[in-house]
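Residue strings, one per chain:
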Amino acid sequence: MPYRVHCMVCAGTGCVSNRSLEVRDALEKEIRKRGLQDEVQVVTTGCNGFCAVGPLMVVQPDGIFYQQLSTKDIPLLVEEHFIKGRAVKKLMYTPPEAPAPIPKMSDIPFFMHQRLIALRNRGLIDPEKIEDYIARDGYQALVKALSQMTPEQIIEEITRAGLRGRGGAGFPTGVKWRKVRQAPGEPKYIICNGDEGDPGAFMDRSIFESDPHSVIEGMLIGARAIGARYGVVYIRNEYPLALERIQIAIQQAREYGLLGENILDSGLDFDISVTRGAGAFVCGEETALIASVEGRLGDPRARPPYPAEYGLWGKPTCINNVETWANVAPIIMHGWQWYSEIGTERSKGTKVFSLVGKVRNTGLVEVPMGITLRQLIYDIGGGIPGDKKFKAVQTGGPSGGCIPAGMMDQPIEYVAPDGKREARDYLDLPIDYESLTDVGSMMGSGGLVVMDEDTCMVDVSRYFLAFTQDESCGACTPCREGTKLMLDILNRIVDGHGTMDDLRALEEIAWVVKQTSLCGLGKTAPNPVLTTLKYFRDEYLAHIEAHKCPAHVCRELNTYRIDPVICVERGHGCGVCRRECPEKAILGEKNQPHRIDPTLCKKCGVCVDVCHFNAVIVE
Amino acid sequence: MISLTINGTRTQVRKGTTILQAAKFLEIPIPTLCYHPWLKPFGACRVCVVQVQRPHGYELLTACNIPCEEGMIVQTDTEPVRQARRVVVELMLARWPNVPVVRKLAAEVGLEKPRFISEMRDEAPDACILCLRCVRICEEVVGACALGYEDRGIKRRVVTPFDQESEACVACGACAHVCPTSHIRFEPEDYRGKPPEFLLGPNTAIYVTTPQAVPKVPRIDRDACIHFKTDGCQKCVEVCEAKAVKHEMTDEELEIEVGQILVATGYDLFDASVMAQYGYGRLDNIYTALDIERMLNATGPTGGQIRLKNGRPPRAVGIIHCVGSRDENYRRYCSRVCCMYALKFAHLIKERCPEAEVYNFYIDMRAFGKGYEEFYSRVLHEGANVIRGKVAEVVQAGWSKQDEGTLLIRCEDTLIGKFREIPVDMVILCNAIEPQRDAERVARLFGLSRSPDGFFLERHPKLDPVATSSDGLFVAGCAQGPKDIPDTVAQASAAAARMLATIAKGVVEIDPVRAEINEEYCSGCRVCNALCPYEAIEYLEDRKVSRVNSALCKGCGTCVAACPAGAITGYGFSDSQLQAELEGLLTVR
């Protein structure tokens, strides 16, 4: 008997950690209690991307979007929505500055501007059920590829669609496939790179969690095109849920005869195994990943030979990112023309970004290539919270660069599709592989960290460099020694001991590390430093010459003082700061203005946090 | 062929040639560090970067591992290349300021001292610079994989697994060989404490057994060869132009049918360490005669120079005769050669170290051969000291600085009737000649007899000193008894002549005296088989009887007496025949 209503409860990692599974259990219990179990079906789905407001649930077929649910809300919700047929307004999402809550998911700006290809089934299916995936036209592209297309035709289709590697470098996927197909050596391997190590990025995890079969189908089509016999899914061990779901999906595909020998009577033999990564960032680099799969230390090696010729176990190997594989089936389904209409001239299709940082709507979004940063940050992201000014956006994870907000005196030249040239704000930069590279950053796997005026750019570059320095494998000299020395210099600058010689050395080392490192990690590790040096040089100079941190982030450079007027007039010399100061550096009597002894102050900032009257001023 | 341009010079190279190889061909210098010709290119140090022209500008690539491409334009000395190399070397110099290879590179790129100090700064001149040549050769060439590295980034270290002595290590020393900073040194246990020139044995896995070896071809020591331990290496196969190295060759056992055999299995040397009073193997600078022969050899480890362990020539040398020979406790016989070679040593030491005093300690001077006595007189005239008396012991002289390493020989000088202590710094022991250790086995194999001293017994000491009691079997040389080279040559020539005589004659005469088994009486008990000293009796499995091989039987009669069934008789000497002969004699005509 068909159900009247489907409750799609999000069970992505974000919502699960917000207790969405308890919400689901409560919901099921309540529905049974009300005798609705034959009318209302509860489905656990993968991540919807809007993690900022989880746990969330979508009620289909109307598409009503409920957010920030708790078990207490459930009886009301069942009563109102499922029995009385009235959607519950107070559980709906209200965008900032909007007058009323928006009931429908498709009307919410966060979702409205998105275009879902890789994440086409997110929130719509139970990722642990292959039947759900098949019901959403799953594995149809495989059938088409096996029954109607030759391997050459598949590669041609992918090439003409303009699909490029979503792992960051943007190598044309079709070209890679053809190389592996033509390379001598049997058996051939294909690998799904799910070693998503960028801090704050969770695109691959989300695809595994919400739609694992889309990856398997992509790999199957790839296997047919390339002539591969075995596939490997390399996944971070820090993704337990994703790991579990891809394993379930592979098992189900085997049971359905979609993996194994003679798949769908086509003569294609292909099977997938799962390898868990041990947590090294560098294992996302393809040669290091192969070494890791082979059981060796995850160190990159010099290329050439490329994995397309000499990969896993010395055989031709095609490595693609999770998102790339997830894009394959729709292209085969709908044809290259459909896909190539989306995006810019050189970057086709959509890209999944994880939008984090100082932005209202943090979460995962899939948008067409060519969308501007302004649309991403303001329309989808909802802008910067707390009336702060947008300062910069960091793209491409720790290896990417920082793109500044509009610098009106340095606008970029934008070539419109009709050939007209105009000066534009960086915020109006249409995002694709080339435009990001041109401004010194990169697409990377799709991390977007938004920063507001309270962010110190020197500190940001130090933070990202500390990450890459820690994750450097140590094989080549520039990355091993260079990143460490760069970090030392940045630490000196942040602590106020930097000199102009340091700055020159920093620039020179950064250039050499970028030019001469062995693998992608080293080649991109200086990007945050180089872009901040390019766009925010004044901040470095402020740290070095004036010994000041303009954003008041670098504590060693701050001075703290108490405004005597505010302290007395508003706070009546309450003395909270004096009691809390661990160094006993604050002096003063009750009802008298307090003051900080600069010789004792260790600049810990506790006084700022405890003062209710904002009387402590940081300079 | 691929054509490319390096520094403006056009050249053509084979496909797969790296930029470094092409530059080497054009004699364009490119600095390298982690590169090693035996190893696969690794591209870790990044010192060898060169500038390669690309459509949108240029790219800095490592020359060691990037293969040449058609139309490639390479430049090795542009400003970006110089800057990149300078900074890369500076990064290394900041961490390893005193390592010679790094300093040399720094000098090449015009760098005196680094601008910064690394937190991991290591001032040792033999610090590990993480070129990983050792790890790679152990994996790629040796195949042992005994070395690896741990931790990542700046904390990376080359280690054996878990920092423990690696079980996988085959002690080949390849890692030490390729280490550019001597961070890894190779000290095999056997050689510890001895200077390299005193490594008296072979120390590589391939060597010519002796300088005078016939045929003069090298052999592979399976116990030392890396290939047999790890299945890797095979560098010798790569370098041998004649393609003569074949690891799959094994020892072969050949069966050759012959009519006559000459047993010349030689002798062994008495183990002098048994005589603890002489200190051999316990004290330094005490050698056997064969050690000294090797040292005196021009192809030997010291090039023929007499040297002490510390590398200096000796000031006084004691040569002790009759070590183990003419000794009631060990070997009663005279080894016959020691007196003369001891005098030869005295002569050679006098010749090569004229400053050195030489003392010969003898019981009797046995200079019996042609010209021997004259040689003895000559050595005496050269200033060698001879002391008649058996050496009691050799001891360490003392513990003061100037006495260090000096030995003291204690003996009784029977000619002057006094007890003497003579300080020397080198002692040469003239060990006794002994039968080969496997003489017993050889004797059984050939049915040879041995005299009480253990050497093989000839048929007759005076009338037939080269033959043995078995026909067609001859002995020569020290296998038969201690003798010097002229005697050995004489005996061997005689044996050869005897064998040739038989061959020339074409037929063999055998003694008619032999045993015979009456198969009707033989019960197949096989008592005779084990008793026959000539292994002339064989057992016929099919007929369950024994049979005498009449060509081997010497007619000794042992089996005749032993046969419990009385089935064996001497041929022509049966009881009835003897009885008939007796009867014939006793018949009264």
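It should be emphasised that the depicted structure is a prediction, and the values quoted were computed from it without experimental measurement.

Undergrad: Help me out: how do you make sense of the overall build of chain A in this one?
TA: Scanning chain A for helices and strands turns up 25 helices and 20 strands. For 619 residues, the compact-globule formula gives about 25 Å, and the C-alpha radius of gyration of chain A, at 27 Å, lands near that figure. Along the longest, intermediate and shortest principal axes, the C-alpha atoms of chain A span 85 × 65 × 50 Å. Within chain A, the proportion of its 619 residues that are buried is 54%. Put simply, of all contacts in chain A between residues at least 6 apart along the chain, 71% involve residues at least 24 apart.

Undergrad: How do you make sense of the overall build of chain B when you look at a structure like this?
TA: A count of helices and strands for chain B gives 15 helices and 25 strands. Its C-alpha radius of gyration of 37 Å places chain B more than 25% over the 25 Å reference for a compact globule of 589 residues. Once the C-alpha set of chain B is aligned to its principal axes, its extents read approximately 135 × 75 × 45 Å. Looking at chain B as a whole, 31% of its 589 residues qualify as buried. For chain B, the proportion of contacts with a sequence separation of at least 24, taken over those separated by at least 6, is 61%.

Undergrad: When you look at the environment of A:Ile331 in this model, what are you seeing that I'm missing?
TA: Residues and elements named next belong to chain A. Take Ile 331: it is sitting in helix 13 (residues 322-334). When the C-alpha positions of Ile 331 and Gly 218 are compared, they lie 9.9 Å apart, and in sequence the two are 113 residues distant. For Ile 331, the residues in contact, after removing those within four places along its chain, are Glu 157, Ile 158, Ala 161, Leu 163, Trp 336 and Tyr 339.

Undergrad: Looking at this model, I keep getting lost on helix 15 (residues 373-380) of chain A. Mind explaining?
TA: All names here are of chain A. Buried within helix 15 are the following residues: Leu 373, Leu 376, Ile 377 and Ile 380. Each buried residue of helix 15 lies within a common arc of 120 degrees when the element is viewed along its axis, so the set occupies one face. Close packing links the buried residues of helix 15 with helix 4 (109-112), strand 10 (350-357), strand 11 (363-368), strand 12 (390-395), strand 13 (402-404) and strand 16 (447-452). Just downstream of helix 15, Gly 382 is the residue with a positive phi angle, here 80 degrees.

Undergrad: Would you mind showing me how to read the interface of chain A and chain B here?
TA: Many structure descriptions define interface size as the accessible area lost when the parts assemble. With 24 residues of chain A at the interface, the matching set in chain B holds 27 residues. Breaking the side of chain A that touches chain B down by element, the ones donating at least two residues are helix 17 (457-471), helix 18 (477-494) and helix 19 (500-516) of chain A. Top element by residues in the side of chain A that touches chain B is helix 18 of chain A. It accounts for eight residues. Partitioning the side of chain A that touches chain B into residue classes produces eleven nonpolar, seven polar and six charged.

Undergrad: Would you mind going over the domain arrangement of chain B with me for this structure?
TA: What the domain assignment reports for chain B is domain 1 (2-108), domain 2 (132-248), domain 3 (268-434), domain 4 (435-505) and domain 5 (515-586). Relative to domain 3 of chain B, the C-alpha centre of domain 1 of chain B lies at a distance of 61 Å.

Undergrad: How should unusual backbone geometry be read in this particular structure?
TA: Negative phi characterises most residues that are not glycine, and trans characterises most peptide bonds. A:Glu186 connects to A:Pro187 through a cis peptide bond whose omega is -10 degrees. For A:Pro187, the position within the fold is in the loop between helix 8 (173-182) and strand 5 (188-194). The phi torsion at B:Glu27 lies on the positive side, around 60 degrees, for a residue other than glycine. For B:Glu27, the position within the fold is in the loop between helix 1 (19-25) and strand 3 (49-54). Judged by local crowding, B:Glu27 falls into the exposed class, with 7 C-beta atoms found within 10 Å.

Undergrad: Mind showing me how you'd approach the confidence of the model for chain B here?
TA: Regions with low pLDDT carry predicted coordinates that are not meant to be interpreted in detail. Residues and elements named next belong to chain B. On average, residues of chain B carry a pLDDT of 88, and 96% of them reach 70 or more. Here residues 189-202 is a poorly scored stretch, pLDDT under 50, and it has 14 contacts once near neighbours within four places are set aside; other chains count. Across the interfaces of the predicted complex, the ipTM metric reaches 0.83, alongside a pTM of 0.71.

Undergrad: Sorry if this is basic, but what is going on with the packing of helix 7 (residues 151-161) of chain A against helix 10 (residues 212-226) of chain A here?
TA: Helix packing for two helices is described by the angle between their axes and how far apart those axes are. All names here are of chain A. Direction vectors running N to C along helix 7 and helix 10 enclose 120 degrees, while the axes themselves pass 7 Å from each other. Judged on the interaxial angle alone, helix 10 and helix 7 are oblique. Regarding helix 7 and helix 10, the two cross each other, and that crossing is left-handed. Here Pro 151, Ile 154 and Ile 155 of helix 7 lie close against helix 10, whose contacting residues are Ile 221, Arg 224 and Ala 225. Along the lines of polarity and charge, the residues of the contact of helix 7 with helix 10 split into five nonpolar, no polar and one charged.

Undergrad: Explain the pairing of strand 1 (residues 2-6) of chain B to me, please; I cannot follow it from the model alone.
TA: Residue and element names in this part refer to chain B. Pairing between strand 1 and strand 2 (residues 9-13): five bridges, direction antiparallel. Residue pairing across strands places Ile 6 opposite Thr 9, the latter belonging to strand 2. The loop that links strand 1 with its antiparallel partner strand 2 comprises two residues; one of these, Asn 7, has a positive phi angle of about 50 degrees. When strand 1 meets strand 5 (residues 73-75), the two strands line up parallel, connected through two bridges. Pairing of Thr 5 across the sheet is with Ile 73, part of strand 5.

Undergrad: Just to check I follow, could you spell out the nonpolar core for this structure?
TA: Here is a general trend for soluble globular proteins: nonpolar side chains tend to be buried in one another's company. Core analysis: the largest hydrophobic core is formed by 243 residues, its most contacted members being A:Met57, A:Ile221, A:Met486, B:Cys138 and B:Val142. Ranked by residue count, the leading element in this core is helix 2 (residues 79-95) of chain B, at nine residues. Residues contacting B:Val142, with those up to four places away along its chain left out, are B:Ile137, B:Val170, B:Cys172, B:Ala174, B:Ile226, B:Thr230, B:Gly232 and B:Cys233.

Undergrad: Whenever I open this one, helix 11 (residues 240-255) of chain A confuses me. Can you help?
TA: Structurally, the α-helix is built with 3.6 residues per turn, so residues lying three or four positions apart point the same way. Residue and element names in this part refer to chain A. The end-to-end C-alpha distance of helix 11, which contains 16 residues, comes to 23 Å, matching closely the 22 Å that a straight helix rising 1.5 Å per residue would cover. Of all the residues in helix 11, the buried ones are Ala 242, Leu 243, Arg 245, Ile 246, Ala 249, Ile 250 and Ala 253. Lining the buried residues of helix 11 we find helix 5 (130-135), helix 9 (203-210), helix 10, strand 6 (228-236) and strand 8 (268-277). Backbone geometry just downstream of helix 11 places Gly 257 in the positive-phi region, at approximately 75 degrees.

Undergrad: What is the right way to read the sheet that holds strand 15 (residues 385-388) of chain B from this model?
TA: All names here are of chain B. Strand order in the open sheet made by the five strands is 12-19-13-14-15, with parallel pairing throughout. Among the strands making up the open sheet, the edge pair consists of strand 12 (286-288) and strand 15. The average angle at which neighbouring strand axes cross in this sheet is 20 degrees, direction not considered. As judged from the five bridges shared by strand 13 (residues 316-323) and strand 19 (residues 426-431), these two strands associate in the parallel manner.

Undergrad: Before we go on, may I ask you to explain the pairing of strand 5 of chain A in this structure?
TA: In the case of a regular strand, side chains alternate between the two sheet surfaces. Residue and element names in this part refer to chain A. Taken across its seven residues, strand 5 has seven buried, putting it largely inside the fold. In terms of strand pairing, strand 5 meets strand 6 through seven bridges, oriented parallel. Each residue of the ladder has a partner; that of Asn 193, found in strand 6, is Tyr 234. In terms of strand pairing, strand 5 meets strand 9 (residues 317-321) through five bridges, oriented parallel. Paired with Ile 190 across the bridge in strand 9 is Cys 318.

Undergrad: Where do I start with the packing of helix 9 (residues 338-352) of chain B against helix 10 (residues 372-381) of chain B in this structure?
TA: All names here are of chain B. At a closest axis distance of 10 Å, the pairing of helix 9 and helix 10 adopts a crossing angle of 35 degrees. You can see that helix 9 and helix 10 cross each other, and the crossing is left-handed. Contacts from Met 340, Leu 343, Ala 346 and His 347 in helix 9 reach Tyr 372, Phe 375, Tyr 376 and Val 379 in helix 10. Grouping the constituent residues of the contact of helix 9 with helix 10 by class yields seven nonpolar, one polar and no charged.

Undergrad: Looking at this model, I keep getting lost on the confidence of the model for chain A. Mind explaining?
TA: Here chain A shows a mean pLDDT of 87. Residues at 70 or above account for 97%. Segment residues 407-412 of chain A is flagged for pLDDT under 50; beyond a separation of four residues in sequence, or across chains, it makes six contacts in the model.

Undergrad: I would appreciate a short explanation of the sheet that holds strand 17 (residues 407-413) of chain B in the present structure.
TA: All names here are of chain B. One open sheet holds the three strands; their spatial order is 16-17-18, and the pairing between them is antiparallel. Either end of the sheet is taken by a strand with one partner, and the two such strands are strand 16 (391-396) and strand 18 (418-424). Mean inter-strand twist for the sheet, computed between neighbouring axes without regard to direction, equals 20 degrees. Pairing analysis gives seven bridges linking strand 17 to strand 18, with the strands arranged antiparallel.

Undergrad: Just checking my understanding: could you explain the environment of A:Gln592 for this structure?
TA: All names here are of chain A. Here Gln 592 shows up in the loop between strand 18 (586-587) and strand 19 (595-596). With 14 C-beta atoms counted inside 10 Å, the residue Gln 592 sits in the partly exposed group. Residues Gln 592 and Ala 326 lie 266 residues apart in sequence; the distance between their C-alpha atoms is 66 Å.

Conventions adopted
Residues numbered from 1 in each chain as written. Chains lettered and ligands numbered in written order. Predicted model: local features only at pLDDT ≥ 70, side-chain atom pairs only at ≥ 80, totals over all residues. Helix = DSSP H or I, 4+ residues; strand = E, 2+ residues; numbered from the N terminus. Rg over C-alpha atoms; globule rule 2.2 N^0.38 Å. Buried ≥ 20, exposed ≤ 12 C-beta atoms within 10 Å, placed from the backbone. Contact = placed C-beta atoms within 7 Å. Arc of directions from axis to C-beta. Nonpolar A, V, L, I, M, F, W, Y, C, P; charged D, E, K, R; others polar. Domains from an automatic or database assignment. pLDDT = per-residue confidence, 0-100. Axes fitted to C-alpha atoms, helices over the stretch in contact; angles between N-to-C directions. Parallel < 35°, antiparallel > 145°, perpendicular 65-115°, else oblique. Left-handed = near helix turned anticlockwise from the far one by under 90°. Pairing = 2+ DSSP bridges. Core = buried A, V, L, I, M, F, W, Y, C linked by C-beta atoms within 7 Å. Expected span 1.5 Å × (residues − 1).

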